[in-house]
Amino acid sequence: MNETEKRIGHFVDNGDGTVTDTRTCLMWRRCAQGQTWDGKTCKGEARTYTWREAHNHHSHTFAGHRGWRLPNIDELKTLIDKSQGDPSIDSKAFPETPRLRFWSSSSEDLGLYDTPIIQALGFYVVNEDSDDHVRTNKNDSLSVRLVRDGQHRFSIAKDTSTKYSFTVTHDKQGFTAEIPEFPGISFRTSTQAEAMAKAEYLATIVGIVYELCVEAEKLTKPFAHIDFATYPEFKHTEGSFYTNERQGKHTCPCFSKEKFDNYLNKIFKETDKVIKNGKSILALKILAHVFENQRDYLILGDATCKRYVRQFVGLFMEAFIQLESYDVLVKYYEKDPALSLNLEFLQHVVGHYLTIKDADNASVALEKLRAIEPNHPFVVQGLKKIKTISMIKRLGESNIDMQNIDSLSGHDFESLLTQQFIKLGFITQGTPASRDFGADIIVDTDDGTRFVIQCKRFKNKVNLKAVQEVVGAMPHYNGDIGIVITSNGFLPSATILAESNGIELWGNMELMNFLSDDLSFSQMAEWKK
C-alpha cells in the first residue's frame, strides 16, 4: 500500500472516492451514480437509469481514471457480504448504498422474449433477495455503480517523461499491463516483467508523439490567427470508425479497424504531399489535430501502434527538418532509438551538433550514420569538421583562441608561430619588418636544414602571390624548404604553383595541428625533437 491507502476489510481505500478489492483487483466507485463523494461519505440521492442509459457511462472519468464501465453480474455479486446484514454490502466501503437494484451488463436469452432479459442485483433484503440476481426489463429505472478492471496489485513507477503513466496488475489469467490514459488497452502476459516492458514501450512511443504535438504547437503559435481547418487539406481529418455488427439478436456499434487503417493511410499520404509542397506549418497542424482527436483509437495494440506511431514521428520529423527546427530533432533523437536508423535524420542531427560545436555528440551520431552507410558522402565531411571542433576546444584549453585568430595583427600572428617553433625545438629567427624579401620566419635544424616561412593571417583564402614571395625568398635566405602558413585556406592557383615549386601549404587545419604539437603532415616532422 502507498501512504494514501488504508484497509476497509478486504478493500483498499484509494483516498479518492474509490476502493480496490484485493481479491479480484477490481476498482469500484464508492458512491452510486448521482451521489458525490465528500471525502468521508456519499452525499445526495442516487440517480436511476434505463439499461441503455447506464451503458453511456463507459467513457466516464473519475478520480483521474478512465475506463469506468457497468459491471457484469458476476462482478456485481462479489460485493455481496451477508455478514453485513441489511444492506448485504460493506457499508464502510460503500456508504449510503441506495435501496435500489443495480444494473449489470449481463443478459440472458431464455427464448421467451424477442430480446434478452437483463440481470440486476439488489443489496437490501427488504427490496430483493440479495442471494441471487433478478431479471428485469431494459426500460426499468435502476441504480448504477461503476467499476474498472484490475488495478494496483503491483504498483509500477510512473513514466515521468511523458503524460502517460502505466500500471501492472494481476488477475486470474496472469499479468496485465495497462495505460490508464487508454482504458481499453492492455497486454496480458505470463510474467510481470513482460507486462511492464510492454506498458513502458507503449507509454514511451505514444508519449513521444504527444510531445511532438506540443513542439508543433510552439512553432504554429504565430499562425494562430489562421483557420487551418478551412483548408482543403483538412477535409480527410475527420473519420467514423464504427460499423454495425450482429450479435445474436442484437445489432451493436463496433469499432472497425479496417476503416481506421484506411483513414490513417489517407491522412499520412495527404500530409506527405503537403510537406513536399513546402507547407510544413499546415502539416504540423494536421498531424497534431489527427493525433489529439484519434489517439484513443490509435492505441489498438503494440504492433499496430508501433507502425502508426512511426509514421506520425516520420512525418513530424520531415516537417521539422523543412522548418530547420534542428533543436527538436536532437531532442527526440535521444528518446526514440528508431530515429537513429533514418539516414537523412541522422545527417541533420550531426549537422546540428556541428553547428553548436558539440564534437562528442556529433561523433556518436556520425558513427551511427557510418554503421548504416559506411560510404555516405557526409561521413568524410563530418569527420573533418568534428576533428576541427575538437582541436579548437583543445587549443582553447591552452589559451589559443582559434575562433578569433583572424583578429590578431600580422606581428602577433608571426610571434605566435615563432614561439611554437621554439617550443618544438627548432632554432628560429625573424626577418626584418621591412625588406624581408618574402619571408617572415627562418627556422633551422641541428643538421643545418633551413625552412623559409611566409605567414599570412588572412580572413580570405590566400592567392598565388604568397607562394611567389616564398619562392623568391628561398635563394636569398639559402633555404631548403619553403612553407606558407595561413589561418584560412588557399585558392587553386596558389595550390598549383606550390606543387610545381615544392612549397608546403599549411591551411587552417595544418595550423591547428602545428599549434597542437603535431607535425605529422609536414616534412618538418623528421626534425622535430
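Residue positions are given per chain, counting from 1 as you read along its sequence in written order. Residue-level local features of this predicted model are given only where pLDDT is at least 70; pairs of side-chain atoms are given and counted only at 80 or more, and the full residue set underlies all totals for whole chains, interfaces and linings. Only hydrogens and water are removed before side-chain values are computed, so all heavy atoms of the structure are retained for them.

Novice: Can you break down the overall build of the chain residue by residue, with the values?
Specialist: Labels follow the DSSP assignment, with helices taken as runs of H or I lasting at least four residues and strands as runs of E lasting at least two, numbered in each case from the N terminus. Helix and strand content of the chain: 14 helices and 20 strands. Any residue under 20% of the maximum accessible area for its type is buried, any over 50% is exposed, and the rest in between are partly exposed; the area is computed with a 1.4 Å probe on protein chains only. Looking at the chain residue by residue over its 529 residues, the buried ones come to 46%. Working rule for contacts: check all heavy atoms of both residues, and any pair within 4.5 Å makes them a contact. For the chain, the share of sequence-separated contacts (at least 6 apart) that also reach a separation of at least 24 residues comes to 59%. Carbon and sulfur atoms provide 49% of the accessible area of the chain, an area that totals close to 26700 Å². Accessible surface is estimated by sampling points in the Shrake-Rupley manner with a 1.4 Å probe; for residues, cover comes only from the protein chains shown.

Novice: How would you sum up the sheet that holds strand β3 (residues 18–21)? Please name residues and give values.
Specialist: For two strands to count as paired, DSSP must find a minimum of two bridges between them. Read across the open sheet, the five strands follow the order β1-β2-β3-β4-β10; overall the sheet is antiparallel. The two strands at the open ends of the sheet, each matched to only one other strand, are β1 (6–8) and β10 (147–148).

Novice: Could you give an account of the confidence of the model for the chain, naming the residues involved and the relevant values?
Specialist: If pLDDT is low for a region, its predicted coordinates should not be looked at in detail. Known as pLDDT, the predictor's per-residue confidence is scaled from 0 to 100. Averaged over all residues, the pLDDT of the chain is 78; the fraction at 70 or higher stands at 76%. Confidence drops under a pLDDT of 50 for residues 109–115, and excluding neighbours within four residues, the segment shows five contacts in the predicted structure. The low-confidence segment residues 126–131, where pLDDT is below 50, has 14 contacts with residues more than four positions distant or belonging to other chains.

Novice: Go over the state of the cysteines, please, and point to the residues and values.
Specialist: Any cysteine sulfur atom paired with another within 2.5 Å is treated as part of a disulfide. Summed over all chains, the structure comprises one disulfide. Disulfide pairing is shown between Cys31 and Cys42; the S-S distance is 2.1 Å. An S-S torsion of about -95 degrees defines the bridge between Cys31 and Cys42 as left-handed. A residue pair is termed long-range when its members are at least 10 positions apart, and Cys31 in the loop between β4 (27–29) and β5 (36–37) and Cys42 in strand β6 (residues 42–43) qualify at eleven residues.

Novice: Go over the packing of helix α8 (residues 343–355) against helix α10 (residues 377–397), please, and point to the residues and values.
Specialist: In helix packing, the relevant descriptors are the interaxial angle and the interaxial distance, both defined with respect to the helix axes. Only C-alpha atoms enter the line fits that serve as axes; for helices the fit covers just the stretch in contact. Angles between N-to-C directions range over 0 to 180 degrees. Two elements in contact, α8 and α10, have axes separated by 11 Å at closest approach and are oriented at 20 degrees. One finds that α8 runs roughly parallel with respect to α10. Relative to α10, α8 is oriented so that their crossing is left-handed. In contact with Gln347, Val350, Gly351 and Leu354 of α8, α10 contributes Phe378, Gly382, Lys385, Ile386 and Ile389. Its residues placed into classes, the contact of α8 with α10 shows five nonpolar, three polar and one charged. For this classification, under 35 degrees means roughly parallel, over 145 means roughly antiparallel, 65 to 115 means roughly perpendicular, and everything else is oblique. Rotating anticlockwise by less than a right angle from the far helix to the near helix defines a left-handed crossing, while the corresponding clockwise rotation defines a right-handed one. Gly falls in the polar group here, along with every residue not listed as nonpolar (Ala, Val, Leu, Ile, Met, Phe, Trp, Tyr, Cys, Pro) or charged (Asp, Glu, Lys, Arg).

Novice: Run through the side chain of Thr449, naming residues and quoting values.
Specialist: Here Thr449 is to be found in the loop between β17 (441–444) and β18 (450–456). For this analysis, a polar contact is any N or O atom pair within 3.5 Å, provided that within protein one partner can donate a hydrogen and the other can accept it, and provided that sequence-adjacent residues contribute only side-chain to side-chain pairs. A polar side-chain atom of Thr449 sits 3.0 Å from a polar atom in the side chain of Asp447. Residue contacts for Thr449: discarding those within four places in its chain leaves Val443, Asp444, Asp480 and Trp527.

Novice: With reference to specific residues and values, describe the sheet that holds β17.
Specialist: Strand order in the open sheet formed by five strands is β16-β17-β18-β19-β20, and the pairing between neighbours is mixed. Of all strands in the sheet, those bounded by a partner on one side alone are β16 (427–430) and β20 (504–506). Averaged over neighbouring strand pairs, the angle between their axes works out to 20 degrees when direction is ignored. Alignment of β17 against β18, held across four bridges, turns out to be antiparallel.

Novice: I'd love a proper account of the packing of α10 against helix α14 (residues 508–515), names of residues and values included.
Specialist: Contact geometry of α10 with α14 gives a least axis separation of 10 Å together with a crossing angle of 40 degrees. By the criterion of interaxial angle, the relationship of α10 to α14 is oblique. Crossing handedness for the pair α10 and α14: left-handed. Of α14, the residues touching α10 (which contributes Lys384, Lys387, Thr388, Met391, Ile392 and Leu395) are Met509, Met512, Asn513 and Leu515. When grouped by side-chain class, the residues that make up the contact of α10 with α14 number six nonpolar, two polar and two charged.

Novice: An account of the pattern of salt bridges is needed here, citing residue identities and associated values.
Specialist: Definition used for salt bridges: Asp or Glu carboxyl oxygen within 4 Å of a side-chain nitrogen of Lys or Arg. This model, assessed by the stated rule, comprises ten salt bridges. In this structure, Glu215 engages Lys218 in a salt bridge whose closest nitrogen and oxygen atoms are separated by 3.9 Å. You can see Glu215 and its partner Lys218 sitting in helix α3 (residues 192–220), three residues apart, about one turn around the helix. A residue is classified by how much of its surface remains accessible, and Glu215, at 8% relative accessible area, is buried. Between Asp444 and Arg450 there is a salt bridge, and its shortest N-O distance comes to 2.7 Å.

Novice: If you had to explain helix α4 (residues 257–276) to someone new, which residues and values would you point to?
Specialist: Expected helix span is taken as 1.5 Å per residue step, with the number of steps being one fewer than the number of residues. Spanning 20 residues, α4 covers 29 Å between terminal C-alpha atoms, matching the ideal 28 Å at 1.5 Å per step. Within α4, burial applies to Phe260, Asp261, Tyr263, Leu264, Ile267, Phe268, Thr271, Val274 and Ile275. Seen from one end, α4 has its buried residues packed into an arc of 165 degrees, which puts them on one side. Within α4, the exposed residues directed more than 90 degrees away from the buried face are Glu258, Lys269 and Lys276. Once α4 ends, the next one or two residues include Gly278, with phi positive near 80 degrees. Relevant arc is that of directions from the helix axis to the C-beta atoms, nothing else.

Novice: Let's hear about the environment of Asn139: which residues, and what values?
Specialist: Of note, Asn139 is situated in the loop between β9 (134–136) and β10. Each C-alpha atom, one on Asn139 and one on Arg52, is 8.0 Å from the other, the two residues being 87 residues apart in sequence.

Novice: Summarise the nonpolar core; cite the residues concerned and give the values.
Specialist: Definition used in this section: a nonpolar core is a set of buried Ala, Val, Leu, Ile, Met, Phe, Trp, Tyr and Cys residues joined via side-chain atoms within 4.5 Å. Leu212, Leu264, Phe312, Phe316, Met317 and Phe320 are the most contacted members of the largest nonpolar core, which totals 53 residues. By residue number, the principal contributor to this core is helix α6 (residues 302–322), which donates ten residues. Beyond its immediate stretch of four places on either side in the chain, Leu212 contacts Val313, Phe316, Met317, Phe320, Val328 and Tyr332. Counting 26 residues, the second largest nonpolar core, distinct from the first, contains Ile400, Phe421, Ile481 and Ile485.

Novice: Can you lay out unusual backbone geometry for me, pointing to particular residues and giving the numbers?
Specialist: Unusually for a residue other than glycine, Glu96 sits at a positive phi of about 55 degrees. Topologically, Glu96 is positioned in the loop between α2 (73–77) and β7 (101–108). Backbone geometry places Asn478, a non-glycine residue, at a positive phi of 55 degrees. As for its placement among the helices and strands, Asn478 is situated in the loop between α12 (464–476) and β19 (481–486).

Novice: Which residues make up the packing of aromatic side chains, and what values do they have?
Specialist: Each aromatic pair joins two rings of Phe, Tyr and Trp (for Trp, the six-membered one) with centres within 6.5 Å, and gets the label stacked for planes under 30 degrees apart, edge-to-face for over 60, and tilted for any other angle. By the definition in use, this model includes 13 aromatic pairs. Between Phe62 and Trp68 the ring centres are 6.3 Å apart and the planes differ by 70 degrees, which places this aromatic pair in the edge-to-face class. When the ring of Trp506 is compared with that of Phe514, the centres are 5.3 Å apart and the planes differ by 55 degrees; the resulting orientation is tilted. Under the relative-accessibility criterion, Phe514 is labelled buried at 0%. Clustering of aromatic rings is evident, with ring pairs tying together Phe421, Phe426, Trp506, Phe514 and Phe521. Comment: the charge-over-ring label is applied if NZ (Lys) or CZ (Arg) is within 6 Å of the ring centre and within 35 degrees of the ring normal. The residue whose ring lies beneath Arg29 is Phe62, and the NZ or CZ to ring-centre distance is 3.7 Å. Between Arg148 and the ring centre of Trp68, over which it is positioned, the NZ or CZ distance is 5.9 Å.

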